[in-house]
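# Secondary and tertiary structure notes
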Amino acid sequence: MAKYLKALSHPARILIMKHLASSNACFCGDIVEVLPLSQSTVSQHLKELKKAGLIKGEIEGVKVCYCIDDIEWQNAITTIQKFLSNTKSNKPC
């Protein structure tokens, strides 16, 4: 769970995930066009999301096409939901 939350802990990575979810797949340059970030910054964030397994990249010519890894994304959702459902805070502090 920590790897998923760490990967999603930066606002730019959340925006990247939202963009990938709405477009199914895209190249780094496409993401740079919609986010107010430099190409190198977007590449670094993509690297972190890929390291956590949340996205995957396929080489197409000289570019890499990125998309959400549906299986890993579903695993992240399930893992986080389990954690949240087991941490009920009904007791007073």
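Reference entry: report on the structure contained in this document. What you see is a predicted model; the values in this text were computed from it and never measured.

On the secondary structure map, Glu48 appears in helix α4 (residues 39–51). For the buried residue Glu48, which engages in no salt bridge, the nearest side chain bearing the opposite charge is Lys51, 4.0 Å off. Leaving out residues up to four positions away in the same chain, Glu48 has contacts with Ala7 and Arg13.

The terminal C-alpha atoms of α4, which comprises 13 residues, lie 18 Å apart, in line with the 18 Å expected from a rise of 1.5 Å per residue. Within α4, burial applies to Val42, His45, Leu46, Glu48 and Leu49. One side of α4 holds all its buried residues, which, seen down the axis, span an arc of 160°. Of the exposed residues in α4, the ones pointing more than 90 degrees away from its buried face are Lys47 and Lys51. Where α4 is buried, its residues meet α1 (2–7), α2 (11–23), α3 (28–34), β2 (55–60) and β3 (63–68).

Let us now look at the sheet that holds β3. As summarised here, the arrangement of the three strands in space is β1-β3-β2, forming an open sheet in which the pairing is antiparallel. Bordering the open sheet on either side are β1 (26–27) and β2, each of which pairs with just one other strand. Two elements, β1 and β3, share two bridges in a ladder whose sense is antiparallel. The residue bridging Cys26 from the neighbouring strand is Tyr66, located in β3.

Following the sequence through the fold, Ala7 ends up in helix α1. Classification of Ala7 as buried rests on a relative accessible area of 3%. Here the alpha-carbon distance between Ala7 and Lys47, two residues 40 residues apart in the chain, equals 9.7 Å. Not counting chain neighbours up to four residues away, the residues in contact with Ala7 comprise Arg13, Glu48, Leu49, Ala52 and Leu54.

With that settled, consider the pattern of salt bridges. Following the criterion strictly, the structure yields one salt bridge and no others. Residue Glu72 is joined to Lys3 by a salt bridge in which the shortest nitrogen-to-oxygen separation is 3.5 Å. Taken together, the residues span a long stretch of sequence, with Glu72 in helix α5 (residues 70–85) and Lys3 in helix α1 at a distance of 69 residues. Given a relative accessible area of 18%, Glu72 falls into the buried group.

Cut-offs applied
- The numbering scheme is per chain: residues are counted from 1 as the chain's sequence reads.
- Owing to the predicted nature of the model, reporting of local features is limited to residues with pLDDT of at least 70; listing and counting of side-chain atom pairs is limited to 80 or more, with chain, interface and lining totals taken over all residues.
- Side-chain metrics in this entry use all non-hydrogen atoms of the structure; hydrogen atoms and water are not considered.
- Working definition: helices are DSSP H or I runs of at least four residues, strands are E runs of at least two. Numbering for both runs from the N terminus.
- Burial here depends on accessible area, computed with a 1.4 Å probe over protein chains only, as a share of the maximum for the residue type. Under 20% is buried, over 50% is exposed, and the range in between is partly exposed.
- Charge counting treats Lys and Arg as positive and Asp and Glu as negative, with His and both chain ends excluded.
- Salt bridges are counted wherever a side-chain nitrogen of Lys or Arg sits within 4 Å of a carboxyl oxygen of Asp or Glu.
- Contacts are assigned to residue pairs that have any heavy atoms within 4.5 Å of one another.
- Each helix should span, by expectation, one fewer than its residue count multiplied by 1.5 Å.
- This arc is taken over the directions from the axis of the helix to the C-beta atoms.
- Two strands qualify as a pair provided that DSSP identifies no fewer than 2 bridges between them.

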